[in-house]
Amino acid sequence: MNLVNDATPEPNPKVGANDLLRFLLEIFAIVTLGIFGFAAFALPWPGVFIGIGLPLLAILLWGLFRSPKAVFHVDPFVKALVEIAVFSTAAIAWWIMGQPVVAVVFAVVAAVSGVINGRREFRD
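Keep in mind that this is a model prediction, so the values were computed, not measured.

With respect to helix α2 (residues 47–66)
For α2, which comprises 20 residues, the first-to-last C-alpha distance of 27 Å matches the rise-based estimate of 28 Å (1.5 Å per residue) to within 8%. If you check which residues of α2 are buried, you get Gly47, Ile50, Gly51, Pro55, Ala58, Trp62 and Arg66. On its buried side, α2 packs onto α1 (17–40), α3 (76–96) and α4 (100–123).

Below is the structure:
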């Protein structure tokens, strides 16, 4: 009976503070798009459609192009464009809902985090 595992262990990925921040920014953006759809449009239609559709579209784009296990492996510039599209849409949604402080703070934090992550992606 062989109890020794001959498989080489995979290296543990490093998860830093910026990775955690980026995850929280992504969740915040998705929730924001849902709130925007339900709050800014007449219910039941188109509010329900937009309130469910916008977050689903953001999740789809993120999963296809931006996530660590993305379906399509694209250039870092395309990843940045997807990220900018999702995060700027969330910031614009807060602005339209009459919360400019939330919009500006979210946009600045997302931009700084994106620049830090982009520099790391280009270095690797």
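Some details on the UniProt feature "transmembrane region" (unreviewed entry) in the protein
In the numbering used here, UniProt assigns the "transmembrane region" (unreviewed entry) feature to residues 20–41, 47–65, 77–95 and 101–118. Segment residues 20–41 splits into 95% helix and 0% strand. End C-alpha atoms: 32 Å apart. Span residues 47–65 is 100% helix and 0% strand, its end C-alpha atoms 27 Å apart.

Comments concerning α4
End to end, α4 covers 34 Å across 24 residues, agreeing with the expected 34 Å (1.5 Å per residue, within 8%). Within the sequence span of α4, burial applies to Ala103, Phe106, Ala110, Ser113, Gly114, Asn117 and Gly118. The secondary structure elements touched by the buried residues of α4 are α1, α2 and α3.

Some points on the environment of Ala85
The topology assignment puts Ala85 in helix α3. Owing to a relative accessible area of 36%, Ala85 belongs among the partly exposed residues under this scheme. The spatial distance from the C-alpha of Ala85 to the C-alpha of Leu61 is 9.5 Å, given a sequence separation of 24 residues.

Focus on the side chain of Asn18
Structurally, Asn18 can be placed in helix α1. Every residue in contact with Asn18, bar those within four places of it in the chain, is listed here: Ser113, Ile116 and Asn117.

As for the layout of surface pockets
Approximately 530 Å³ is the volume found for the largest pocket. Within the residue set of the lining of the largest pocket, elements represented by two or more residues are α1, α2 and α4. Counted as a void, the second largest pocket has a volume near 320 Å³. Lining the second largest pocket we find 19 residues, and of these Ala80, Glu83, Ile84, Gly114 and Val115 sit closest to its centre. Of all elements in the fold, only α3 and α4 reach the threshold of two or more residues within the lining of the second largest pocket. Here the residues of the lining of the second largest pocket sort into 11 nonpolar, four polar and four charged.

Overview of a nonpolar patch on the surface
Taken together, the side chains of Leu20, Phe23, Leu24, Ile27, Val31 and Ile35 make up a nonpolar region of the molecular surface, amounting to roughly 540 Å² of accessible area. Following the sequence through the fold, Phe23 ends up in helix α1.

What counts, and at which threshold
Residues numbered from 1 in each chain as written. Predicted model: local features only at pLDDT ≥ 70, side-chain atom pairs only at ≥ 80, totals over all residues. Heavy atoms only, no water. Helix = DSSP H or I, 4+ residues; strand = E, 2+ residues; numbered from the N terminus. Expected span 1.5 Å × (residues − 1). Buried < 20%, exposed > 50% of the residue type's maximum accessible area, 1.4 Å probe, protein only. Contact = heavy atoms within 4.5 Å. UniProt positions renumbered as here; feature names shortened; annotations may be inferred. 1 Å grid on protein atoms, 1.4 Å probe; cavity = no way out; pocket = protein on both sides within 12 Å on 5 of 7 lines; lining within 4 Å. Points joined across faces, edges and corners; volume = space filled by probe spheres on them. Nonpolar A, V, L, I, M, F, W, Y, C, P; charged D, E, K, R; others polar. Patch = residues over 30% accessible without salt bridge, like charges linked within 9 Å, V, L, I, M, F, W, Y side chains within 5 Å. Areas by Shrake-Rupley, 256 points an atom, 1.4 Å probe, with all protein chains shown as cover. Salt bridge = Lys/Arg side-chain N within 4 Å of Asp/Glu carboxyl O.

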